[in-house]
Amino acid sequence: MVSRREVRNLGALVGAVCAEQGDWYARKMYLQGDRYSAANAPRLYNPICIGANPCQNTPTNRRAVDPALLVPGFVATAANTIDGAYIGRLVPNTGKLLNGVFQAGSGIEKGLYKNRGIQFAPRLGIAYDVTGKGNLIARAGGGVFYDRPQGNVVFDLLTNPPTTLTPTFNFGRLQDIGTGPVLLAPPALVAYDHEGKNPTIYAFNIGVQYRLPLESVVDISYVGTVGTHLLQRRNINAPNYGAAYLAQNQDPTLNASTIPGATALQTDFLRPYKGFGTISYIEPAASSNYHSLQASLNRRFSRGLLFGVNYTWSKAMGTQGTDLPGVNGFGAPRNDSNQRRVNYAPQDFDRPHNFNVNWVYELPKATNSHGLGYLLNNWQLSGVYRYQSGQPYNIGFSIPNIGNANLTGAADIENARIVLLGSPGTGSSSDPYRQFDVTMFTVPKPGSLGIESGRNFLRRAPINNWDLSLTKRIKIKERASFELRLDAFNALNHTQFDAVNTTLNVTSLTNPTPTNLPFNAAGVLVNANGFGTISSVRPPSNLQLSGHFIF
């Protein structure tokens, strides 16, 4: 529905869109967490030693056993155990493989989540001629916009068991399939939030346009958006932080270790939903916002010159940088209350400053001579200048032989983060070997909750680039001409720094001395590719010569 009304110098456009959420129908399987029963979970093969703990002849003496056999007086032998490669696999014919999982339309809606029906999306636009002469116009507008259900979400649900099962066959040959044990690992699942909230964007703007002399117009506007119920993907079956440190979660068959979490049971033993692996829970829970001041000055093509300049000062913030990110990468959605604290930050595409100039200039006619005109007339010079803030980035680290479970006590979830000791700078500089202060970082300690630092707190070098073009047009006939064009990209051959080495390497968990710094203690460059150095640059100057026959 759209209604337009004009009263003297005021114009208004009012509208509304009615969007229906709709349902997806297919043979999809869906997990309902509140209908999962721990009592119905399949058993997992436990580790056990033939002989005393820890196993003295691993892997020969380290075996897998059905935990139902572990009663007082049980003695492990090769006959009542199976190969240790099957530790953590599902014991056949135990529990319910589809514990809490239902087929679409059977115990749950056909669409797998609540259908919120028709959604009202109002729109409003206003334009006002302030002076009544058409030289000063004020505009404002806003609206509500909904996303449609994503096909990718539905397709992921089709991989849930029993539609798809992936057994693993160890130590065998193709002709032996069917004769040896083929045991299932706890299957991964994809689940969708049952509330079915629609990803929603609220967009709004207000601005003025003013007509200047010389065929020019200046435009200044505020433009903003707010996103709510945006999709994110969270692993709701990840172990709790610190789970690998607990005494009850240690594997008695392994030799003792001084490294925290090194002797923990496999991850599948530590999950809250036993019998399942990773459960990627897709939920409309992320949020974002964008605010900007946008200004432009444009001159229409007149007297051989077209000119435009625009500048945007903006800020794009949010809890997730992409739609449906991974469940255990940097910035992955968290299961605790720290999600906004550590992940609300500048978006990956945030560019606070964006300045552009473009022009086309037809050089004046140099001669009326028909012969000389082929050489001296019909020249055109054009170009684009661009300055743009650099891309935000994060800092990582590497500790030899140390994984996520050793630092956080949990695997299959976001790792610990780099520790900030002070301000490292902006993240870029004119020195290719000192993009930030490397002394302001160190690695985290065991017991981390992954909250040592935020997301996207540094920026790459900005783009500062000139592209120029020179064109010569030669008229052959009334309706035919030949155009010769020379383009120069990065015409000034200005070095443009790009990616940075963002990984801090250290000696060990107990000795966090950096091993990949670019400079030694005396200040001598010893590693040109070290931590904090430039690892790539944008393209150098490129020339392109082309010819066009126009008819």
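To be clear, the structure that these remarks concern was listed above.
Rules used throughout
- Residues numbered from 1 in each chain as written.
- Predicted model: local features only at pLDDT ≥ 70, side-chain atom pairs only at ≥ 80, totals over all residues.
- Heavy atoms only, no water.
- Helix = DSSP H or I, 4+ residues; strand = E, 2+ residues; numbered from the N terminus.
- Rg over C-alpha atoms; globule rule 2.2 N^0.38 Å.
- Buried < 20%, exposed > 50% of the residue type's maximum accessible area, 1.4 Å probe, protein only.
- Contact = heavy atoms within 4.5 Å.
- Core = buried A, V, L, I, M, F, W, Y, C linked by side-chain atoms within 4.5 Å.
- Salt bridge = Lys/Arg side-chain N within 4 Å of Asp/Glu carboxyl O.
- Pairing = 2+ DSSP bridges.

1. Re the overall build of the protein chain
- Secondary structure assignment for the protein chain yields four helices and 26 strands.
- Taken over C-alpha atoms, the radius of gyration comes to 32 Å for the protein chain, far larger than the 24 Å a tight globule of 551 residues would show.
- Dimensions of the protein chain, computed from C-alpha atoms along their principal axes, come out at roughly 110 × 70 × 50 Å.
- Out of the 551 residues belonging to the protein chain, those deemed buried represent 41%.
- The long-range fraction of contacts in the protein chain, counting pairs at least 24 apart against all pairs at least 6 apart in sequence, stands at 74%.

2. Some thoughts on the nonpolar core
- One finds Ile395, Ile399, Phe436 and Phe441 to be the most contacted residues of the largest nonpolar core, which totals 21 residues.
- When residues no more than four places from it in sequence are discounted, the contact partners of Ile395 are Phe330, Ile418, Phe436, Phe441, Phe457, Leu458, Thr502 and Phe531.
- In this structure, Leu44, Tyr45, Leu265 and Phe269 belong to the second largest nonpolar core, which totals twelve residues.

3. A word on the pattern of salt bridges
- Applying the stated criterion across every chain, the model contains 13 salt bridges.
- Among the salt bridges present, the one from Glu283 reaches Arg234, with a minimum N-O distance of 2.6 Å. Taken together, the residues span a long stretch of sequence, with Glu283 in strand 13 (residues 279-302) and Arg234 in strand 12 (residues 216-235) at a distance of 49 residues. You'll find Glu283 and Arg234 in the same group, each marked buried.

4. Let's talk about the sheet that holds strand 5 (residues 62-65)
- Pairing in this open sheet of three strands is antiparallel, and the strands run 4-5-6 from one edge to the other. Two strands bound the open sheet, and with one partner strand each, they are strand 4 (46-49) and strand 6 (82-83).
- The pairing of strand 4 with strand 5 spans four bridges and is antiparallel. By the bridge assignment, Asn46 is partnered in strand 5 with Val65.

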